[in-house]
Amino acid sequence: ADFLFAGTPDIDLSASTAPQTVGPVYLPFVPSLSGVNIFAVTGHTHKMGTDVQVAVASGPTDPGRSIYAPSNFQWDEPETTRLTPPFVVPEVGLTGEGGGFRFSCEYVNTTGRRLGFGEEADDEMCFFWLYYYPSRGAKICFHTDQQGGHDVCCPADENSDDHVICALITSYFP
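Residues numbered from 1 in each chain as written. Predicted model: local features only at pLDDT ≥ 70, side-chain atom pairs only at ≥ 80, totals over all residues. Heavy atoms only, no water.

1. Side note on the state of the cysteines
- Considering all chains together, one arrives at 2 disulfides under this definition.
- Covalently, C105 is tied to C126 through a disulfide, its sulfur atoms 2.1 Å apart. Looking down the S-S bond of the C105 and C126 bridge, the torsion is 90°, so its handedness is right-handed. Of this pair, C105 sits in strand β8 (residues 100–107) while C126 sits in strand β10 (residues 126–133); the two residues are 21 residues apart in sequence, bridging distant segments of the chain.
- Looking at C105, the relative accessible area reads 1%, which means it is buried. (Disulfide = S-S within 2.5 Å. Helix = DSSP H or I, 4+ residues; strand = E, 2+ residues; numbered from the N terminus. Buried < 20%, exposed > 50% of the residue type's maximum accessible area, 1.4 Å probe, protein only.)

Laid out in structure tokens, this is it:
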């Protein structure tokens with residue numbers, strides 16, 4: 001078994017204490033993981049996170065089928081949902097449509113300052129862990145609308161080059 005850590009760095013939370021949502025964001029599934037069995041999912045935010053929702057979807061406009069919707073998300077002890085039976089994400093077809101994940105995160109920012117994405121506990125994240133088998137290696141994948149929009153997975157699939165951002169990620173996770 002192995003894991004995929006997926007999400008978005010596109011977080012810009014105002015200093016308001018009103019609930020704020022990032023997403024929904026669509027992230028296409030990694031072609032090199034085609035055919036794997038996904039058996040569990042866990043949401044991941046930092047301390048201002050109040051909810052993570054994940055659905056498997058056929059494309060960016062499909063609301064999808066919910067696979068992670070904890071009734072009481074706790075950022076410091078996020079629920080792991082076991083998916084019984086495990087499922088296989090649909091492959092990308094000739095039309096370009098295929099499987100992926102549609103996800104969102106909710107926050108209540110009580111810091112009194114603007115918050116963005118970051119590694120520190122005082123920054124925020126909107127990610128989720130997918131656990132799968134058989135192992136084809138761990139991956140970190142994300143979607144960003146920044147700089148024209150990108151869907152990036154590191155390490156890259158065998159038929160493509162690592163995105164420049166992969167070098168930054170591997171400096172955090174050698």
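2. Here we look at the sheet that holds β10
- The sheet built from 6 strands is open, its strands ordered β7-β4-β10-β1-β11-β12 with mixed pairing. Across the chains shown, the open sheet's two edge strands, defined by having one partner strand only, are β7 (80–87) and β12 (150–154). For this sheet, the mean inter-axis angle between neighbouring strands, taken without regard to orientation, is 20°.
- Bridge count for strand β4 (residues 37–44) against β7 is 4 bridges, and the pairing is antiparallel. (Pairing = 2+ DSSP bridges. Axes fitted to C-alpha atoms, helices over the stretch in contact; angles between N-to-C directions.)

3. So, the packing of aromatic side chains
- Within the structure shown, the criterion is met by 9 aromatic pairs.
- Put simply, the rings of F3, F5, F117, F127 and W129 touch in pairs and so form one group of aromatic residues.
- A cation sits over an aromatic face here: R65 above F87, 5.3 Å from the ring centre. (Phe/Tyr/Trp six-rings, centres within 6.5 Å; stacked < 30°, edge-to-face > 60°. Lys NZ or Arg CZ within 6 Å of the ring centre and 35° of its normal.)

4. Observations concerning the pattern of salt bridges
- The full count for this structure, using the stated rule, is 2 salt bridges.
- A salt bridge links R114 to D12; its shortest N-O distance comes to 2.6 Å. Of this pair, R114 sits in the loop between β8 and β9 (115–116) while D12 is found in strand β2 (residues 12–13), placing the two residues 102 residues apart along the sequence. (Salt bridge = Lys/Arg side-chain N within 4 Å of Asp/Glu carboxyl O.)

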